[in-house]
Amino acid sequence: MSSTQDNIQQQIGDNPILIYMKGTPQLPQCGFSAQTVQALMNCGERFAFVNVLDNPDIRTELPKFANWPTFPQLWVEGELVGGCDIVMEMHESGELEKMVKAAAERANSAESNDNA
């Protein structure tokens with residue numbers, strides 16, 4: 001049986017762009033998650049999400065795993081980018097879109113190579 005930390009590691013490893021948030025992209029359950037997911041959606045790439053309200057074990061363990069106490073948390077290519085404030089700053093500067101598009105391109109390229 002895998003542990004919650006194992007599940008978190010697998011989610012982060014399996015998804016090049018991943019947001020841990022309260023609610024869903026279509027129905028965020030807090031203002032910070034709403035702002036962050038909107039910035040991410042504006043980048044125009046597919047991403048995965050985990051609703052921590054539906055996953056209390058992840059909600060409890062992820063802050064310890066990430067050494068980041070709050071939600072949302074944006075992870076890109078296995079690295080914690082940050083929470084709402086950092087993501088919004090990056091969105092306003094254009095850095096978020098560049099990072100997300102580059103990660104999506106690398107993931108699509110790797111997927112194409114796997115299917116070749």
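Residues numbered from 1 in each chain as written. Predicted model: local features only at pLDDT ≥ 70, side-chain atom pairs only at ≥ 80, totals over all residues. Heavy atoms only, no water.

Peer 1: Please provide a residue-by-residue account of the nonpolar core, values included.
Peer 2: It is characteristic of soluble globular proteins that their nonpolar side chains tend to be buried jointly. Formed by 18 residues in total, the largest nonpolar core has its most connected members in Ile17, Ile19, Leu40, Leu74, Leu96 and Val100. Secondary-structure elements contributing two or more residues to this core are β1 (17-21), α2 (31-41), β3 (73-76), α4 (84-93) and α5 (95-115). Once residues within four sequence positions are removed from consideration, Leu96 is found in contact with Ala39, Leu40, Cys43, Leu74, Val87, Met90 and His91. Ranked by size, the runner-up nonpolar core spans 12 residues in total, among them Ala48, Leu62, Ala66 and Phe71. (Core = buried A, V, L, I, M, F, W, Y, C linked by side-chain atoms within 4.5 Å. Buried < 20%, exposed > 50% of the residue type's maximum accessible area, 1.4 Å probe, protein only. Helix = DSSP H or I, 4+ residues; strand = E, 2+ residues; numbered from the N terminus. Contact = heavy atoms within 4.5 Å.)

Peer 1: Before we move on, could you go through the packing of α2 against α4 and cite the residues and values that matter?
Peer 2: One can describe the packing of α2 onto α4 by two numbers: an axis separation of 9 Å at closest approach and a directional angle of 30°. Looking at the two axes, α2 sits roughly parallel to α4. Of the two elements, α2 crosses α4, and the hand of that crossing is left-handed. Between α2 and α4, the residues in contact are Phe32, Gln35, Thr36 and Ala39 and Cys84, Val87, Met88 and His91, respectively. Partitioning the contact of α2 with α4 into residue classes produces 5 nonpolar, 3 polar and no charged. (Axes fitted to C-alpha atoms, helices over the stretch in contact; angles between N-to-C directions. Parallel < 35°, antiparallel > 145°, perpendicular 65-115°, else oblique. Left-handed = near helix turned anticlockwise from the far one by under 90°. Nonpolar A, V, L, I, M, F, W, Y, C, P; charged D, E, K, R; others polar.)

Peer 1: Just give me the short version of the pattern of salt bridges, but keep the residues and values in it.
Peer 2: Side-chain pairs of opposite charge can arise where the charged atoms are in close proximity. Enumeration over the complete set of coordinates arrives at 3 salt bridges. Where Glu61 meets Lys64, a salt bridge forms, and the shortest distance between an N and an O atom there is 3.2 Å. On the criterion of helical spacing, the pair formed by Glu61 and Lys64 is a turn pair, its members being 3 residues apart in helix α3 (residues 56-66). Residue Glu61 is classed as partly exposed on the basis of its relative accessible area of 22%. Across the salt bridge formed by Arg106 and Glu77, the nearest N and O atoms sit 2.7 Å from each other. Remark: Glu77 occurs in the loop between β3 and β4 (79-82) and Arg106 occurs in helix α5; sequence separation between them is 29 residues. Residue classification places Glu77 among the partly exposed residues on the basis of a relative accessible area of 37%. (Salt bridge = Lys/Arg side-chain N within 4 Å of Asp/Glu carboxyl O.)

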